[in-house]
Amino acid sequence: MKEKIEEIKNLAKESIKTAEDLKALDEIRVKYLGKKGELTAILRGMGSLSAEERPIVGSMVNEAKDDLEKIIKDKEELLKTQELEKKLEKEKIDITLPSDKIRRGSKHPINRVIEELEDLFVSMGYDVVDGPELETDEYCFERLNLPKGHPARDMQDSFYVTSEYLLRTQTSAVQARVMMANKEKTPIRVICPGKTYRRDDDATHSHQFGQIEGLVIDKNISLADLKGTLEVFVKKMLGENSKLRFRPSYFPFTEPSYEVDVSCFKCGGKGCNLCKHTGWIEILGSGMVHPNVLKMNGYDPEVYSGFAFGTGLDRLAMFKFGIPDIRMLYTNDIRFLNQFDRKED
Ligand code: DAH
């Protein structure tokens, strides 16, 4: 009996060794260790053995079973690893293969204008700052000297989300944020390009548009600084021959306030359809920061002064690139955008 068990065990071991896959291994398990397997059959037939032989044979069979189970388990691990390796080998991707060519996009005209302005102002020592597009009534209006019920609020048709939150109508909101964050620290020299929103929609107005705000605060800032800065800005953006005209105007957050016109860059000031035959094109609002705004946002107006300006990025892009309809900037027509695809950047 002992030899028989030994023989079965050796045969089993041999076939386990040569099993090629998990399925074959499972068949071997059933053949030797299953309910109807060869070793189980010996246990079943123990009734014919003598009382002394029974425990000896029993423990031999169990030992052989344990042995085989262990060998099968090891083999199973080995086969699993081999199968995984084979699978990985088959699924290998050659990442060095060249991909399908995707045509490179072009920079949006508004982003071109923003980048150009950022480069210019950074070269003059300004920081570029950001603010939230969902703004509070406090920062968009109140801290800019536009308390609730102020008639000048009517100049900006707003999208209110709640009575306290609105989509910002002007990047001027960032002025107050920058001042509140710095309180008496000077100099402040920032520009803030970003999206703004108003309830407008026609060929020259969009419900969403871009603005860039500028703010400078220090001791002894005067109107001459504002004029000099705007001159550089306009000449760089619209051509060195541009002339500026300052028209007195009204903005609640500046005093005095000016609207700034630039000599028409299409006709050079002679008069054409672009400048509506006036020779001038209005491009921005500006002024000296109102003492109330300084005071409300942590600066003593007896000590500090500043200037601010704000202009529409869409208008600048339209002028710069001769775009006739503001909606072209937002409809994402590839035929339009492709025209701004230039090799140099
Ligand atoms: N925020 C104004 C607007 O949206 C533009 C403006 C005017 C900004 C005068 C300024 C400023 O900073 O000083 O119409």
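Everything that follows concerns the structure shown earlier in this document.
This one's a predicted model, so the numbers in the text were calculated from it and none came from an experiment.

(A) Quick peek at the overall build of the protein. Secondary structure assignment for the protein yields 11 helices and 10 strands. Relative to the compact-globule value of 20 Å for 345 residues, the protein shows a C-alpha radius of gyration of 41 Å, a clear excess of over 25%. For the protein, the C-alpha atoms occupy an extent of roughly 125 × 45 × 35 Å along the three principal directions. The buried share of the protein, taken over its 345 residues, is 41%. Of the contacts formed within the protein by residues at least 6 apart in sequence, a portion of 67% connects residues at least 24 apart. Carbon and sulfur atoms provide 52% of the accessible area of the protein, an area that totals close to 20100 Å². In the protein, 54 positive and 59 negative side-chain charges are present, and the distance between their average locations comes to 3 Å.

(B) Looking closely at the pattern of salt bridges. Here the structure, examined in full by the defined rule, presents 22 salt bridges. In this structure, the salt-bridge partner of D26 is R29, at a minimum N-O distance of 3.2 Å. Within this pair, D26 and its partner R29 are both found in helix α2 (residues 22-33), separated by three residues, close to a single helical turn. For the salt bridge of R153 with D137, the shortest nitrogen-to-oxygen distance reads 2.8 Å. Taken as a pair, R153 in the loop between α6 (137-140) and β3 (159-160) and D137 in helix α6 lie far apart in primary sequence, 16 residues in all. Neither residue differs from the other here; R153 and D137 are each classed as buried. One network of salt bridges, with partners in common, ties together D137, E142, K148, R153 and E164.

(C) Layout of the side chain of E135. As for its placement among the helices and strands, E135 is situated in strand β2 (residues 134-136). Within the local environment of E135, its side chain forms a polar contact with the side chain of T136, the two groups lying 3.4 Å apart. At a separation of 2.7 Å, a polar atom in the side chain of E135 contacts the side chain of R177. In contact with E135, not counting residues within four places along its chain, are C140, E164, Y165, L166, R168, A173 and R177.

(D) Main features of the nonpolar core. Grouped together as the largest cluster of nonpolar side chains are 43 residues, with contacts concentrated most on L117, L230 and F233. Ignoring any residue separated from it by four or fewer positions in sequence, one finds L117 in contact with I191, I212, F233, M237, L313 and L316. Residues C140, A152, A173 and M179 belong to the second largest nonpolar core, which totals 24 residues.

(E) Representation of the state of the cysteines within the structure. For the coordinates displayed, the defined rule picks out zero disulfides. No disulfide involves C140; its sulfur sits 12 Å from that of C192, the nearest cysteine. Free of any disulfide, C267 has its nearest cysteine sulfur in C264, 3.6 Å distant. A relative accessible area of 14% means that C267 is categorised as buried.

(F) Just the sheet that holds strand β8 (residues 254-263), in detail. Taken in spatial order, the seven strands of this open sheet run β1-β5-β6-β10-β9-β8-β7, and their pairing is mixed. One side of each edge strand has no neighbouring strand; the edge strands of this open sheet are β1 (127-128) and β7 (244-251). Note that strand β9 (residues 280-289) and strand β10 (residues 305-312) share five bridges and pair antiparallel. Note that in β10 the partner of G287 across the bridge is A308. Lying on the sheet, helix α10 (residues 313-321) is in contact with β5 (188-197), β6 (208-218), β9 and β10; it crosses β10 at an angle near 60 degrees.

Cut-offs and rules
Residues numbered from 1 in each chain as written. Predicted model: local features only at pLDDT ≥ 70, side-chain atom pairs only at ≥ 80, totals over all residues. Heavy atoms only, no water. Helix = DSSP H or I, 4+ residues; strand = E, 2+ residues; numbered from the N terminus. Rg over C-alpha atoms; globule rule 2.2 N^0.38 Å. Buried < 20%, exposed > 50% of the residue type's maximum accessible area, 1.4 Å probe, protein only. Contact = heavy atoms within 4.5 Å. Areas by Shrake-Rupley, 256 points an atom, 1.4 Å probe, with all protein chains shown as cover. Lys, Arg positive; Asp, Glu negative; His and termini not counted. Charge placed at Lys NZ, Arg CZ, Asp CG, Glu CD. Salt bridge = Lys/Arg side-chain N within 4 Å of Asp/Glu carboxyl O. Polar contact = N/O pair within 3.5 Å; in protein donor to acceptor, adjacent residues only side chain to side chain. Core = buried A, V, L, I, M, F, W, Y, C linked by side-chain atoms within 4.5 Å. Disulfide = S-S within 2.5 Å. Pairing = 2+ DSSP bridges. Axes fitted to C-alpha atoms, helices over the stretch in contact; angles between N-to-C directions.

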